[in-house]
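One letter stands for each residue in the lines below.
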Amino acid sequence: MQKSQEREIKVKSLQKALEILNCFTKKSSWGVTELSEYLNLNKSNVHNILTTFKSMEYLDQDEETGKYKLGMAIYTLSRALGKNLEIGSIALPYMQELADKSGERVYLAIPHGDEVIYVTSTYPQEAVYLMRTIMGERAKMYCTGLGKAMLAYLPKDQVDEYLSRPLERHTEYTLTDPEALRAELEGIRRRGYSVDNMEHEFGIKCVAVPIFNRQHEVEGAISISGPSLRFGEDRIPELAEEIRKRVAKIESRL
């Protein structure tokens, strides 16, 4: 935490509570003891904070394990955030067009540090079975189509700093060599779209196009995602062009 942020924090107990809540972005469930050890906080204080969050439905508790996980109040907040994000409200009808035309899932994400945050998603109207809640989920930039589409257009010093970090392998296709990833980003800038070739999840491919604001800064990205068998070499450029057409309309309204 930066010193300027520390000076702004007036309620230390609230800071501790939010630090505990933030732990659920790292792991889906936590026990009282492991949270107190992880954050170096008093166990009874952690228990009281967790109990309070549970009573307000920000957390749920597993009856068998006693561990805590995120509750429905978090989902309600994330839905409110999604509605308030201008890019999400503008993009949604165009995303639905893409889902219906392609027959695949369509995702919108925004950059956040070295990750992407999923804002919203659409699905073909006849394919209810594809629906899943993704709002608020995070993923690393380097191994997702959405992330690479944004990473390719970030300032050079940010990209250099990003590529200096260790890159975790998620599948056998994940690019973990910095120079290979740098070459991949150059290719994305040339063709204007990225491809996730099963780099984050085996069997899943996606095509993504970045969204820019009027200052030509990366605002987000949209992807079409589905089983790798449906994403042949001929289809990928066609999907990218369909996304690009909708992205142009979204950018004109930002």
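Only a predicted model underlies this, so the values are computations on that prediction, with no experimental measurement involved.

Asks: Can you lay out a nonpolar patch on the surface for me, pointing to particular residues and giving the numbers?
Replies: On the surface, a cluster of nonpolar side chains totalling about 250 Å² of accessible area is made up of Val11, Leu14 and Leu18. The topology assignment puts Leu14 in helix H2 (residues 12-22). Taking the relative accessible area as the measure of exposure, Leu14 reaches 46% and is therefore partly exposed.

Asks: Please set out the sheet that holds strand S6 (residues 194-197) residue by residue, giving values where relevant.
Replies: Across the sheet, six strands lie side by side as S5-S4-S3-S8-S7-S6; this open sheet has antiparallel pairing. A single partner strand is all that each edge strand has here, and the edge strands are strand S5 (138-140) and S6. In this sheet, neighbouring strand axes are inclined to one another by 30 degrees on average, regardless of whether the strands run parallel or antiparallel. Relative to strand S7 (residues 204-212), helix H10 (residues 235-253) is tilted by about 30 degrees, and along the sheet it contacts S6, S7 and strand S8 (218-227).

Asks: Break down the side chain of Ser228 for me, citing the residues and quoting the values.
Replies: Position of Ser228 among the secondary structure elements: in the loop between S8 and H10. Judged by relative accessible area, Ser228 falls into the buried class, the value being 19%. With near-sequence residues (within four places) excluded, Ser228 lies in contact with Met198, Gly203, Ile204 and Lys205.

Asks: Which residues make up the packing of aromatic side chains, and what values go with them?
Replies: Across all of its chains, the model carries six aromatic pairs by this definition. Each ring, one from Trp30 and one from Tyr38, has its centre 5.1 Å from the other, and the planes form 50 degrees; the classification is tilted. For Trp30, a relative accessible area of 6% corresponds to the buried category. Residue classification places Tyr38 among the partly exposed residues on the basis of a relative accessible area of 46%. Plain terms: the ring middles of Tyr107 and Tyr118 are 5.7 Å apart, the flat faces sit at 80 degrees to each other, and that makes the pair edge-to-face. A residue pair is termed long-range when its members are at least 10 positions apart, and Tyr107 in strand S3 (residues 105-112) and Tyr118 in strand S4 (residues 115-122) qualify at eleven residues. The residue whose ring lies beneath Arg235 is Phe231, and the NZ or CZ to ring-centre distance is 5.4 Å.

Asks: Outline the packing of helix H6 (residues 86-102) against H10, listing residues and values.
Replies: For the pair H6 and H10, interaxial distance at closest approach is 10 Å and the crossing angle is 150 degrees. It follows from the interaxial angle that H6 and H10 lie roughly antiparallel. For the pair H6 and H10, the crossing hand works out as right-handed. Between H6, through Glu86, Ile90, Ala91, Tyr94, Glu97, Leu98, Lys101 and Ser102, and H10, the contact on the second element is made entirely by Arg235, Leu239, Glu242, Ile243, Arg246, Lys249, Ile250 and Arg253. Considered class by class, the residues forming the contact of H6 with H10 number seven nonpolar, one polar and eight charged.

Asks: How would you sum up the nonpolar core? Please name residues and give values.
Replies: In this structure, Leu108, Val207, Ile211, Ile222, Ile243 and Ile250 are the most contacted members of the largest nonpolar core, which totals 27 residues. Residue assignment for this core shows that the elements contributing at least two residues are H6, S3, S4, S7, S8 and H10. Top contributing element to this core by residue count: H6, with seven residues. Residues in contact with Ile250, not counting those within four places in the same chain, are Ile90, Ala91, Tyr94, Ile211 and Ile222.

Calculation notes
Residues numbered from 1 in each chain as written. Predicted model: local features only at pLDDT ≥ 70, side-chain atom pairs only at ≥ 80, totals over all residues. Heavy atoms only, no water. Patch = residues over 30% accessible without salt bridge, like charges linked within 9 Å, V, L, I, M, F, W, Y side chains within 5 Å. Areas by Shrake-Rupley, 256 points an atom, 1.4 Å probe, with all protein chains shown as cover. Salt bridge = Lys/Arg side-chain N within 4 Å of Asp/Glu carboxyl O. Helix = DSSP H or I, 4+ residues; strand = E, 2+ residues; numbered from the N terminus. Buried < 20%, exposed > 50% of the residue type's maximum accessible area, 1.4 Å probe, protein only. Pairing = 2+ DSSP bridges. Axes fitted to C-alpha atoms, helices over the stretch in contact; angles between N-to-C directions. Contact = heavy atoms within 4.5 Å. Phe/Tyr/Trp six-rings, centres within 6.5 Å; stacked < 30°, edge-to-face > 60°. Lys NZ or Arg CZ within 6 Å of the ring centre and 35° of its normal. Parallel < 35°, antiparallel > 145°, perpendicular 65-115°, else oblique. Left-handed = near helix turned anticlockwise from the far one by under 90°. Nonpolar A, V, L, I, M, F, W, Y, C, P; charged D, E, K, R; others polar. Core = buried A, V, L, I, M, F, W, Y, C linked by side-chain atoms within 4.5 Å.

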